[in-house]
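Observations on the three-dimensional arrangement
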Amino acid sequence: MTLSSHDVDHLRRCVALAREALAAGDQPFGSLLVAATGEVLFEDRNRVAGGDATRHPEFEICRWAAAHLSPAARAAATVYTSGEHCAMCSAAHGWVGLGRIVFATSSGQLTGWLREWDAPSSPVAALPIAQVVPGVVAEGPVSDFEPEMRALYRQCFAPA
Ligand code: ZN
């Protein structure tokens with residue numbers, strides 16, 4: 001896995017969005033959609049606190065991309081995210097035809113931490129992106145972000 005300094009900067013923004021989400025009473029996940037030119041097209045954070053558990057930022061990115069980008073522009077774009085796509089968001093990513101994904105922490109890591117903390121597990125199987133959309137290039141996790149994301153997850157899912 002070779003990440004550029006731009007990749008790392010975009011991931012840092014995703015982690016900041018995750019932190020924002022947690023501060024707003026939501027779950028700590030944040031994502032960016034970046035065009036082939038390097039321009040950030042769209043960003044969002046988790047918005048499930050209102051009761052709609054499908055309001056994941058990766059899913060919002062798919063909807064935005066379907067409405068605003070040509071199929072070629074979607075395929076050339078990269079999605080950055082603080083936590084690896086869930087199966088729902090991976091499937092939406094595949095259906096919409098988006099390109100590369102870079103994630104800071106993996107679904108496997110989150111599942112392991114939830115187990116370690118005795119926190120409730122996700123109702124959806126934690127399938128890796130590669131298992132849902134085998135044609136998509138997915139890179140991660142990135143160890144530099146692990147301590148910070150682990151701490152945010154812990155505050156959310158296993159508060160002291
Ligand atoms: Zn999701």
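As the structure is a prediction and not an experimental result, all values here were calculated from the model.

**Topic: the overall build of the chain**
Helix and strand counts for the chain come out as 7 helices and 5 strands. When the helices and strands of the chain are listed from N to C terminus, the series reads α-β-β-α-α-β-α-β-α-α-β-α. Computed over C-alpha atoms, the radius of gyration of the chain comes to 15 Å, within 12% of the 15 Å expected from 2.2 N^0.38 for 160 residues, which places it in the range of a compact globule. Along the first, second and third principal axes, the C-alpha set of the chain runs to 45 × 30 × 30 Å. Across the 160 residues in the chain, those meeting the buried criterion constitute 46%. In the chain, once contacts between residues fewer than 6 apart in sequence are set aside, the share between residues at least 24 apart is 63%. As presented, the chain carries roughly 7800 Å² of accessible surface, and 55% of it is formed by carbon and sulfur atoms.

**Notes on the state of the cysteines**
For the coordinates displayed, the defined rule picks out 0 disulfides. Unpaired in terms of disulfides, Cys 62 finds its nearest cysteine sulfur in Cys 89, a separation of 6.7 Å. Cys 156 carries a free sulfur, and the closest cysteine sulfur to it, the one in Cys 86, is 15 Å from it.

**Quick look at the coordination of the zinc ion**
Surrounding the zinc ion are the protein donor atoms His 56 (ND1), Cys 86 (SG) and Cys 89 (SG), at 2.1 to 2.3 Å. For the zinc ion, the single-chain donor residues occur in sequence as H-x29-C-x2-C. Taken together, the positions of His 56 in the loop between strand S2 (40-45) and helix H2 (57-68) and Cys 86 in the loop between strand S3 (78-83) and helix H4 (87-96) put the pair 30 residues apart, joining distant regions of the chain.

**Topic: the packing of helix H1 (residues 5-23) against helix H7 (residues 146-157)**
Two elements in contact, H1 and H7, have axes whose closest approach is 11 Å; the angle formed by their N-to-C orientations is 15 degrees. Classified by the interaxial angle, the pair formed by H1 and H7 is roughly parallel. In terms of crossing hand, the pair formed by H1 and H7 is left-handed. Touching Val 15, Ala 18, Arg 19 and Leu 22 of H1 are Glu 148, Met 149, Leu 152, Gln 155 and Cys 156, all from H7.

**Here's the deal with the pairing of S2**
For strand S1 (residues 30-34) and S2, the ladder comprises 5 bridges, and the chain directions are antiparallel. The partner of Leu 33 across the bridge, within S2, is Phe 42. In this antiparallel pair of consecutive strands, S1 and S2, the connection spans 5 residues, and Gly 38 shows a positive phi of 100 degrees.

**Quick look at the sheet that holds S1**
The strand order across the open sheet formed by 5 strands is S2-S1-S3-S4-S5, and the pairing between neighbours is mixed. Looking at which strands have only one partner, the edges of the open sheet turn out to be S2 and strand S5 (138-139). Direction of pairing for strand S4 (residues 101-105) relative to S5: parallel, over a ladder of 2 bridges. Residue pairing for S5: Val 102 is matched across the bridge by Glu 139. Docked against the sheet, H1 engages S1, S2, S3 and S4, running at close to 140 degrees with respect to S1.

Rules and cut-offs
- Residues numbered from 1 in each chain as written.
- Predicted model: local features only at pLDDT ≥ 70, side-chain atom pairs only at ≥ 80, totals over all residues.
- Heavy atoms only, no water.
- Helix = DSSP H or I, 4+ residues; strand = E, 2+ residues; numbered from the N terminus.
- Rg over C-alpha atoms; globule rule 2.2 N^0.38 Å.
- Buried < 20%, exposed > 50% of the residue type's maximum accessible area, 1.4 Å probe, protein only.
- Contact = heavy atoms within 4.5 Å.
- Areas by Shrake-Rupley, 256 points an atom, 1.4 Å probe, with all protein chains shown as cover.
- Disulfide = S-S within 2.5 Å.
- Donors = N, O, S within 2.8 Å, 3.2 Å for Na, K, Ca; no water.
- Axes fitted to C-alpha atoms, helices over the stretch in contact; angles between N-to-C directions.
- Parallel < 35°, antiparallel > 145°, perpendicular 65-115°, else oblique.
- Left-handed = near helix turned anticlockwise from the far one by under 90°.
- Pairing = 2+ DSSP bridges.

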